[in-house]
Structure formats: structure tokens, C-alpha cells
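# Observations on the three-dimensional arrangement
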Amino acid sequence: MTPDTTTDPAWARDAAGIQQHVFAYRRSVDQDLAERGRPARRPVVVVGAGPVGLSLAIDLAQRGQAVVVLDNDNRLSSGSRAICFAKRTLEIWDRLGVGDAMCAKGVGWNRGRVFFGRDEVYAFDLLPEPGHERPAFINLQQFYAEAWLVRRALELPALEIRWCNTVDSVAEQPSGVRLGITTPEGRYELDADWLVACDGSRSPIRAILGLQAQGQVFRDRFLIADVRIADAAFPAERWFWFDPPFHPGYSVLLHRQPDDVWRIDFQLGWDADPEVERQPDAIRPRVQAMLLMALGRELPFELEWASVYTFACQRMERFRHGRVLFAGDAAHGVSPFGARGANSGVQDADNLAWKLAAVLRGDAPDALIDSYASEREAAADENILNSTRSTDFITPKSEISRLFRDATLALARDHAFARRLVNSGRLSLPSTHGDSPLNTPDEPGDGFSGGSGPGAPCVDAPLAGPGAPWLLRRTSVQGFTLLSFGADAAAWAVEGLEVVELPASGPAAERHDARPGTAVLLRPDQHVCARWRRPTAAAVRRAMLRALGRPALID
Amino acid sequence: MTLNTAANLWNADAFYEALIETHRGLSTEQSHALNARLVLLLANHIGERDALVQALAAARAAGVPTQEPKP
């Protein structure tokens, strides 16, 4: 769905409408209850209506879990911001009912090109094999992503967004927290069984609790310019320049966005004055010089939005603090090279929603939430490692580091090995929770030699026959899914398990290393948690219990 | 594979001469850049993790002055 002018609310129809719309503050019944001295109790309160908080809230609501989202503002973001949404994020958003809208509006891309000086040194294809519903990435301004998520959230009765609700205190209680919330009508208190902070890199919740995110701040500044250029004949690719003639000594990154808008990131160096650099008069000549180089001609353009930013690679030591959980930028931060910020945050939401819902339903012990923290802390480490390495290549910290960087780029023109060393961002891939306690390891005799092993997200594949033409579209929206290859699924009448019968040959079988009889068990977040050559109902039940954090019930 | 630090060059003197000759006419800065490219080319040729890690450590260690002999 692209914006539908017949049914969509007026605010969701175009970029200006979305960025300018002011969501109405509405008084909540909880404020009346608090005034009478009996604060309401809500099972889950999410703080922050950004891509992560909204994804989490939608996922919870789709699982039948009531959820309140508090946002201290009443507007969506402006400018491109996160921009690159990865294949796994799109697959998660498909499950949340917004993937089609995102992809209809977004610019899909798989190819990247790297230039050194004037010359192209390297091109890569992030999705070299056909047969995937979603591309490696789409480019989409963050406000569109937020708008489609809000539009979806408004369809769900179990989900309530409260704009202009600023949390100003968090008191821990035996089995929850008491929040103090400031609104335009004054302050109220609200109790929550679980509080999830998705409130961004400067997380106010983190500050209120006296917690910190620690890591490395990079001494560099970058300018983002969103420029609108009509009729710019330019492919949907990621272009990255090291040391281009139009911006000597620094790097430049170019992405195409919807609405004829181009996103350009100029590295400025640490000594640049952000106040000077964000002035249109400073930006215009930079953009014009880039266009002349990239397109071979000067073109008229309009400057839509600009920002100067710095970044840090950091994370909180623990993502769980009792009944308070941290997700997205609040929990971890990375450099933008690799598109690992918003994408990893949406994976946090994907990981947490089914676990919280299971614990609140009484299907899983509180300890299942510990696995959210451990799985996503490990994922954050992986993202920070990749992001730090990219940043060290893009912004060398010493003369010798720059010497080797330039040596690599010089060799990359003629030598394939050096292209593998060029690091303009290792682009976001979903994390595999290989060490997770929720996994049931492969039986040694089963001899799996490939495919998605325990902990990996299920790889998509095209399907023939009736039903959805893509594997991931057939997985359970609510619970566990068993992929059963070339076997009679009638034997799998396990409660809470949906069985997807698949042929033992073809792309799905190949991508899951399946033979006749192979079965692959997927968690509710589509991650593999067990697989067998010769599955039994008892083994599947045991694996489901393990994935729900209930190993004590396993014989 | 461990790093081979026994004599292994096809012709030690000829190699050394070729190495110096490769740098002829370059500024110190250009020579440093050439050396960096050379390191990357040779590292890729070796490829194997243990040998490379040992080579990095051996190169670093050789730059540390030996201790004065005790009287």
C-alpha cells in the first residue's frame, strides 16, 4: 500500500503532511484513576514511538497483549535519518503487516559501488541469488517508516499511543515499576509490570535510572543533506567515495530515496564547525560539486533537510534491569556505516515481543526475558565490532592507519583480494543467536551441513502451489512453526504449533539443507531453534519448552 | 601452519637488491606507501591465520631494543 488518498488520514498522504502533523494529546482514563489515588496498572509500557518502540508495540498487540506507548513529543521525525532498512527488518515488518507499504514506497537496492578518487574500485551485490521476496535493502525516509507503523498501530485495539506523555520518574517495585508521567494537563502515576525503554540514544529512562551506555566516541563529524533533484538519471545503488576530487581527503556517501530525494553524507572531520556547515550556503557548493562528478552535469536542486552529526559505538552493559528493558538506540549505538542502528533495534523488538507475551500469558518463566538480554547483547557486540571496524577504515585514527587504508584502496583497483579489505560499511545482516540457551543443538548423527542452523533467522524461499508464494509468509503469526519437508504432517499435532508442509526438493529444501523427513522448528520470531532428520513429537515438544525457557520441564 | 623464519628466499642477496631497487627514486612517503601495499600483497599470498599472527608478533618484537646485558 502506498498512501491511499481515499481512505488514509490526511496526515499520512505525503511527506509534508507526515512531517508536519501534530498528533493530538488526549487525556487517558489512567489520569482519572491516578487522581483518585489508585494508579492504573498496565502490563507493558513502551517509552518512545520511534521505529523500535512502534514495532515492539505492534508485535505485542498482534499477540493479543495490551500495550501502552508513551511519547514525550507529538510529531514524527523529520528528514531521512535512519533511511536504510534491511531485508530482515522488512521481513519482520511483513509479519507486522507493514512490509508491503514500506516496500511500495521505498527504493529497493542490492548493489553498492566504492570509489577512490575518481575511479570505481569495487562493486558489490548484497543479494546475489534470486528467489527472495525482499531486497537486501530499501531506502525510505524514517518519517515514512514511522508513519506506516503509526497507521498500523492505530488499527490495533490493544495498542494505545499517548502523545505528550513524558516519563519523569521510575520507581522499582517488587514486580514492576511505578512511573511518574508529565502531560500538558499535569502529572500522573502509572504502574507497569514491564517497562521497555525505546527512547533513543540519549534515553531519558536510562538517565532517570542512573544507568550508562559506554563505548567509544569517534572524533569526526558528518553532514547529512537531503536534496530534491527532479529527473536525476541515477541508479538505485549505494555509492561511496573515498577521497573524491570534489571533497578531497574525506568520504562521501550517496543514497537514492523516494520522492526524487537524494541523501548525501559528507565526512567533515573533527575540526569542522557544525554551525557553519549546516548553513545552506555551505551545503550548496558541496552538493553541486558532487552532482557534477556523479552525474557529469550541474543540476538544479532543492535542499530539503540537513543535519550535522557525530556518533559513538557504545552499549549498556545489560539490557535488562529487573522489570525495565532497553531496546534500540537506548541500549546500543553504532556508527551509521552499515545501517545497523534502526535495523538492529527492530530485531530487538522482534526478539522481545514474543517473549514478553509468553511470560505475561504464563506460558514461560520470567527467565525467558534474560534470553532477550543475552541474545541481543551478543548481537549488539557483533554490530559494534563491525561498525567500529568500518569507522576505523573510513576515519583512520593515525597516519599509519591512513597509509594502510590508502594502500588497500590503491590495490583494490587491480587486485580482487584488496576489494575484500575495503570497508565502507559492512551492511546489516541479521544476528544468529548460535549460543542461545533456547537452542536445541543438532543431533550429531543428523549431519546438517548447511542451511539455517539453531539460532539463525529462517531464510526465505519461493514456494509453488496454493498459499502464500513465500516461505516466511506461511509461518505462524502467533506461535511456533514447524517446517516439515516431504513428510506427513498429521503426526505433528503438538499444541501451539503450526505445521507448514513443504516439498523435500526445491529452493526451500535447499536453503534449509532438508531431505525427506527433515523438520525445522521456528520460534515465534522466525529464528530456528531446532531441526531434525528424524523428528518425533516428543523431541519437538522438548525443543519448544527449551525455547520457552522451561528446561526444568524437560524429562 | 607456523611462520617459517628459517632461510627460505630463492636468493637472499638478489631479493634484497630487488627490494631496494623497487624503492629507487621514491620519496620516503612514497616508499612507506609502497611498503604498505607490499605488506598487504604478501599477507594475502600467505593467507593462513597462524602464520600471519606470528609474523605480526615477530615484526613487533624485533623492533623492541634488546636489554642491556647485566654486569
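Residues numbered from 1 in each chain as written. Chains lettered and ligands numbered in written order. Predicted model: local features only at pLDDT ≥ 70, side-chain atom pairs only at ≥ 80, totals over all residues.

A separate point is the overall build of chain B. Across its full length, chain B holds 3 helices and 0 strands. Helices and strands appear in chain B in the N-to-C order α-α-α. For 71 residues, the compact-globule estimate of 2.2 N^0.38 gives 11 Å, and the C-alpha radius of gyration of chain B, at 15 Å, exceeds that figure by more than 25%. Judged by the C-alpha coordinates and their principal axes, chain B covers about 45 × 35 × 25 Å. Relative to its full complement of 71 residues, chain B shows a buried share of 3%. (Helix = DSSP H or I, 4+ residues; strand = E, 2+ residues; numbered from the N terminus. Rg over C-alpha atoms; globule rule 2.2 N^0.38 Å. Buried ≥ 20, exposed ≤ 12 C-beta atoms within 10 Å, placed from the backbone.)

A few words now on the pairing of strand β2 (residues 67–70) of chain A. All names here are of chain A. Covered by surrounding structure in β2 are Val67 and Val69 together with Val68 and Leu70, the residues of both alternating faces. A crossover links strand β1 (residues 40–47) with its parallel partner β2, the connecting element being helix α3 (residues 51–62), and its sense is right-handed. Strand direction decides the pairing type here: β2 and strand β8 (residues 159–162), joined by 4 bridges, are parallel. Across the sheet, residue Leu70 finds its bridge partner in β8, namely Arg162. (Right-handed = clockwise from strand over helix to strand, strands pointing away. Pairing = 2+ DSSP bridges.)

For residues besides glycine, phi is generally negative; the peptide bonds are generally trans as well. Positive phi is not limited to glycine here, since Cys164(A) has a value of about 55°. Position of Cys164(A) relative to the elements: it lies in the loop between β8 and β9 (166–173).

Attention shifts here to the packing of helix α4 (residues 87–95) of chain A against helix α10 (residues 341–361) of chain A. Residue and element names in this part refer to chain A. Where α4 meets α10, the axes come as close as 9 Å, and the angle between the chain directions of the two elements is 40°. The angle between α4 and α10 places the two elements in the oblique class. The interaxial crossing formed by α4 with α10 has left-handed handedness. In contact with Arg88, Thr89 and Ile92 of α4, α10 contributes Asn343, Val346, Gln347 and Asp350. A per-class count over the contact of α4 with α10 returns 2 nonpolar, 3 polar and 2 charged. (Axes fitted to C-alpha atoms, helices over the stretch in contact; angles between N-to-C directions. Parallel < 35°, antiparallel > 145°, perpendicular 65-115°, else oblique. Left-handed = near helix turned anticlockwise from the far one by under 90°. Contact = placed C-beta atoms within 7 Å. Nonpolar A, V, L, I, M, F, W, Y, C, P; charged D, E, K, R; others polar.)

Here we come to helix α15 (residues 537–547) of chain A. Residue and element names in this part refer to chain A. Turning to α15, its buried residues are Val540, Ala543, Met544, Arg546 and Ala547. Projected down its long axis, α15 carries its buried residues within an arc of 160°, all on one side. Away from its buried face by more than 90 degrees, α15 exposes Ala537 and Ala538. Tucked inside the fold, the buried residues of α15 contact β22 (480–485), β23 (497–502), β24 (519–522) and β25 (528–532). (Arc of directions from axis to C-beta.)

Let us now look at the environment of Asp14(A). Looking at the secondary structure, you find Asp14(A) in the segment before α1 (15–20). Between the C-alpha atoms of Asp14(A) and Glu443(A), which are 429 residues apart in sequence, the distance is 53 Å.

Attention now moves to the domain arrangement of chain A. Residue and element names in this part refer to chain A. Partitioning chain A into structural domains gives domain 1 (10–106 + 135–214 + 313–382), domain 2 (222–310) and domain 3 (444–553). Each of domain 1 and domain 2 has a C-alpha centre, and these two points are 31 Å apart. Between domain 1 and domain 2, the residue contacts involve 11 residues of the former and 10 residues of the latter. Across the side of domain 1 that touches domain 2, the residue classes tally to 4 nonpolar, 6 polar and 1 charged. (Domains from an automatic or database assignment.)

Before going further, it helps to examine the sheet that holds β25(A). All names here are of chain A. If you walk across this open sheet you meet the 4 strands as β23-β22-β24-β25, and the pairing is mixed. Unpaired on one side and paired on the other, β23 and β25 mark the two borders of the sheet. Neighbour-to-neighbour, the strand axes of the sheet open up by a mean angle of 20°, direction not taken into account. Pairing between β22 and β23: 6 bridges, direction parallel.

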